[in-house]
Amino acid sequence: MSVDTTAGVPQLWTREGFNGPVSVVTRRSYAPDFLAVEGGHVPRRSVLESLVPRDQADAAALPTVVATSKIGVRLLTSARSAPMPFTVRNVEADELHFIQSGQVRFDTDVGSLVADEGDFVCIPRSVAYRYAPTKGAMRSVILECPSALSLTPPGPLGMINFGRDVQPAKIDAEIAPGGPTKLLLKTADGEVTTYLVPHDPLALGLQLSSSVPVWKLNLQKIQSLTYEPHGGPPSMFLSSRDGEALLFNLSSRSGGRAPAHVNADFDEVILYVRGPGAYGACTEPGTLTLVPKGVIHHGPIESVPEGYQAWLLETRATLRFTPEAIEASELMETGSYGRHPSIVA
Ligand SMILES: [Fe+2]
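What counts and how
Residues numbered from 1 in each chain as written. Predicted model: local features only at pLDDT ≥ 70, side-chain atom pairs only at ≥ 80, totals over all residues. Heavy atoms only, no water. Donors = N, O, S within 2.8 Å, 3.2 Å for Na, K, Ca; no water. Buried < 20%, exposed > 50% of the residue type's maximum accessible area, 1.4 Å probe, protein only. Pairing = 2+ DSSP bridges. Helix = DSSP H or I, 4+ residues; strand = E, 2+ residues; numbered from the N terminus. 1 Å grid on protein atoms, 1.4 Å probe; cavity = no way out; pocket = protein on both sides within 12 Å on 5 of 7 lines; lining within 4 Å. Points joined across faces, edges and corners; volume = space filled by probe spheres on them. Nonpolar A, V, L, I, M, F, W, Y, C, P; charged D, E, K, R; others polar. Phe/Tyr/Trp six-rings, centres within 6.5 Å; stacked < 30°, edge-to-face > 60°.

Novice: Is there a simple way to explain the coordination of the iron ion in this structure?
Specialist: For a metal with four tetrahedral donors the ideal donor-metal-donor angle is 109.5 degrees, whereas six octahedral donors ideally subtend 90 or 180 degrees. Surrounding the iron ion are the protein donor atoms His261 (ND1), Glu268 (OE), Glu268 (OE) and His297 (NE2), at 2.1 to 2.7 Å. Looking at His297, the relative accessible area reads 4%, which means it is buried.

Right under this line is the structure:
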C-alpha cells in the first residue's frame, strides 16, 4: 500500500459509532493491510450490475436478499422490468428503498408517490405497497430494519428542508377497487403468507390524518456537514428507534482524509451512487462495500473537487452476504476500497 507512514497513520477506535469512548494511536505500519484471510467476517465489494435480482426477469419474484443478520436487519436489491403483480406488507420490518437508477411508482396503504434516481423511499412496517418501473429498467437497494426508521438530523433546521424536500405519499383516487388481489405478508426471515382479498387494498378514499408515514427524500437534498479544516465524522440524517441502523450522507465534502478506523459496534455499508468523481477505488455507479465491525479500515478521501454521491449505513447487525451476493462480489482491501491484491486477476 503506497501510504506514507513515517509520521504514523492515526488509528481511531470508537464505541457507539462516533458517540461513545474513543482511542487514538499511531501505528508504525499501515494498519488496514492484510495479506490473506479465511472466514466470513471479511470486507467485500460488489457492483450492483453484477448482482442480477430474480425480480428482473420474473415479475412474480420478490427482491433478492444481499445480506442477512441475526437481528433482522437485511439488505436486498430489486431490478424490476414489470410492475409487481401483487401487493406486499412487511409485518416485521421498516423498509427504506434507495432508487439507484430509473423511476419507480410506489402505491401504498397511505398513498402513492413517484421516486426518481437518488430518492430514499421509507415504507414503515405493516404498510402494504407495490411498485412498478415507469421508464423501463430500475435498480434499488432496500434496507429492512425491525425498529422504526425516522429522519433524525442533528439540528432542527438546515440539514434537511422538511417542508420542501420530504415529500409524503398522496392518495391517488384513480386506483379502483377492482377485483381479487394477492396480498403477501412478509416476515423478517423472508417467510411469505399469501392472502387473496376481494379488492385492491390500495384503492383509497380520503386522507384523514395530517401525518403520512410514507415519504421520499433525495440524497442530494441532504446537506453534508464538515468540520473545517479537517473534516471530522459524517453526520447522521436517519436512524432506527433502537439504534441498530444509522444512515449518513457520505457524498464528497471538504476536509482531510479520515484516520484508520476500528468501528467497535457497527458494520459499515457504503453505496457509491455515482460520480463524476471517484470515491477512492469506487468508480462504477452502484458500488456496494461492506466493512464488518472490528475490521480496520482507512477508506478513501472524501474531498473530491469534481464531486460524487454516496451514503453510509452503520448497523449494529453483523451482516453476512448471501451465497449469491458472495458470488457476485469480491474481497476488498480497506485502504481505498478496491479489489484486494490477493485476488489474481
Ligand atoms: Fe469507519
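Novice: Before we go on, may I ask you to explain the sheet that holds strand β19 (residues 245-249) in this structure?
Specialist: Within a beta sheet, neighbouring strands are joined by backbone hydrogen bonds and run either parallel or antiparallel to one another. Pairing in this open sheet of 8 strands is antiparallel, and the strands run β13-β18-β19-β23-β21-β22-β3-β25 from one edge to the other. What marks the edges here is a single partner per strand, and that holds for β13 (149-151) and β25 (330-331). Where strand β21 (residues 267-274) meets strand β23 (residues 309-315), 7 bridges bridge the pair, whose relative direction is antiparallel. Within β23, the position partnered with Glu268 by the bridge is Glu314.

Novice: What is the right way to read empty space enclosed by the protein from this model?
Specialist: Over the atoms rolls a probe the size of a water molecule, and in doing so it shows where empty space is left. Across all of its chains, the model carries 2 cavities of 30 Å³ or more by this definition. Considered as a void within the structure, the largest cavity measures approximately 50 Å³ in volume. Lining the largest cavity, in full, are Leu75, Leu96, Phe98, Phe120, Val141, Ile142, Leu143, Leu247, Trp311 and Leu313. Of all the secondary structure elements, the ones that give two or more residues to the lining of the largest cavity are β7 (94-101), β12 (139-145) and β23. Here the lining of the largest cavity is built from residues that sort into 10 nonpolar, no polar and no charged. Put simply, the second largest cavity is a space of about 40 Å³. Around the second largest cavity, the lining residues are Met159, Gln223, Ser224, Leu225, Pro234, Ser235, Asn249 and Arg253. Counted by class, the lining of the second largest cavity contains 3 nonpolar, 4 polar and 1 charged residues.

Novice: Hey, could you run me through the packing of aromatic side chains in this one?
Specialist: The geometry of two aromatic rings is summed up by the distance between their centres and the angle between their planes. Counted by the stated rule, this structure contains 9 aromatic pairs. Seen in terms of ring centroids, Tyr272 and Tyr308 are 6.1 Å apart; in terms of plane orientation they differ by 40°. Their pairing is tilted. With Tyr272 in strand β21 and Tyr308 in the loop between β22 (287-291) and β23, this residue pair connects regions lying 36 residues apart in the sequence. For the pair Tyr272 and Tyr308, a shared accessibility class is recorded, and that class is buried. Ring centres of Tyr279 and Tyr337 lie 6.2 Å apart, and the angle between their planes is 85°; on these two criteria the pair is classed as edge-to-face. Taken together, the residues span a long stretch of sequence, with Tyr279 in the loop between β21 and β22 and Tyr337 in the segment after β25 at a distance of 58 residues.

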